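Secondary and tertiary structure notes
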Amino acid sequence: MLPTTGRRAGQALLELLAGLVALLVVIAATIHIQRLARAETGAWLAARREAGFDAMQAAYWLRMPGPRYVADWRRGPDGRPYSRDDTPIPADAAFIARGVVFHAHPASLRLAVPNNAISDLEDSAVHLGLFRFVHGHHQTDPVPLDGIMRKLIYRADSLRMEADAWLTWTRIE
């Protein structure tokens, strides 16, 4: 029996074309994700390299400003919490000592682990500088976006990836 040709003529061709379009979108998205992942990994490595270099420098801590304590964040013009346009609400070291050190039970900790840095913070919040963290930051060059990603998702020509790395300052004066 011969297949009938009627209203169903060309359906397989349309299904094939729809499948090819879907396959192209998946391939483009995979390439896009790989490109962004590579840029992000490069940013992390550069930030880690910067922090690692500074962590071994004797003069690093001398050129850094004191710690900047943040109690909370005030929402910016976009109304979204914890976004780039938010501004910090400053706090002081005493606030940190009350809000953080108190919960570590420094007196009990001193009994269990003598001469630890946390218990020393109970006496004076100024000693928070004992935890000398070194900061590394890197922002990539613009990562160009493919046309389909530009139109469907981002509405931008390129993206920049940023990374921050924190290490402990290891150089003793």
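Before reading on, note that the structure itself is shown above.
The sections below set out a description of the structure shown in this document. (Residues numbered from 1 in each chain as written. Predicted model: local features only at pLDDT ≥ 70, side-chain atom pairs only at ≥ 80, totals over all residues. Heavy atoms only, no water.)

Quick word on the side chain of Thr140
For clarity, the cut-off: Each helix corresponds to a stretch of at least 4 residues labelled H or I by DSSP, and each strand to a stretch of at least 2 residues labelled E; elements are numbered beginning at the N terminus. Note on definitions: a residue-residue contact is assigned when non-hydrogen atoms from the two residues lie within 4.5 Å.
Among the structural elements, Thr140 can be located in the loop between β3 (133-139) and β4 (143-144). In contact with Thr140, not counting residues within four places along its chain, are Ala39, Ala43, Arg160 and Met161.

Some words on the environment of Arg49
Stated formally: Between buried and exposed lies partly exposed: a residue is buried under 20% and exposed over 50% of the maximum accessible area for its type, with that area taken using a 1.4 Å probe on protein chains only.
Here Arg49 lies in helix α1 (residues 11-55). Residue classification places Arg49 among the exposed positions, given a relative accessible area of 57%. Taking the C-alpha atoms as reference points, Arg49 and His138, 89 residues apart in sequence, are found 9.7 Å from one another.

Side note on the environment of Phe102
Tracing the backbone through its elements, the reader meets Phe102 in the loop between α3 (93-101) and α4 (106-112). For Phe102, a relative accessible area of 56% puts it in the exposed group. When the C-alpha atoms of Phe102 and Ser119 are compared, they prove to be 9.7 Å apart, with 17 residues separating the residues in sequence.

Here's the deal with the nonpolar core
Stated formally: Within this scheme, the nonpolar core is defined by two criteria: the residues are buried Ala, Val, Leu, Ile, Met, Phe, Trp, Tyr or Cys, and they are joined through side-chain atoms within 4.5 Å.
Judged by nonpolar contacts, Ala43, Ala47, Ala51, Ala55, Tyr60, Val134, Ala163, Ala165 and Trp169 together constitute the single largest core of nine residues. Put simply, the parts of the chain that give this core at least two residues each are α1 and β6 (162-168). The greatest single-element share of this core, amounting to four residues, is contributed by α1. When residues no more than four places from it in sequence are discounted, the contact partners of Ala51 are Val134, His135, Gly136, Ala165 and Leu167.

Side note on the pattern of salt bridges
Our working rule: By salt bridge we mean one thing: a side-chain nitrogen of Lys or Arg within 4 Å of a carboxyl oxygen of Asp or Glu.
For the structure on display, the rule yields four salt bridges. Between Asp146 and Arg35 there is a salt bridge; the shortest N-O distance is 3.2 Å. With Asp146 in the loop between β4 and α6 (147-154) and Arg35 in helix α1, this pair connects stretches of sequence that are 111 residues apart. A relative accessible area of 28% means that Arg35 is categorised as partly exposed. Measuring nitrogen to oxygen at the nearest pair gives 2.9 Å for the salt bridge that ties Glu162 to Arg84. Of this pair, Glu162 sits in strand β6 while Arg84 sits in the loop between β1 (70-74) and β2 (87-90); the two residues are 78 residues apart in sequence, bridging distant segments of the chain. Judged by relative accessible area, which is 72%, Arg84 ranks as exposed.

Shape is all these values report; function is a separate question.
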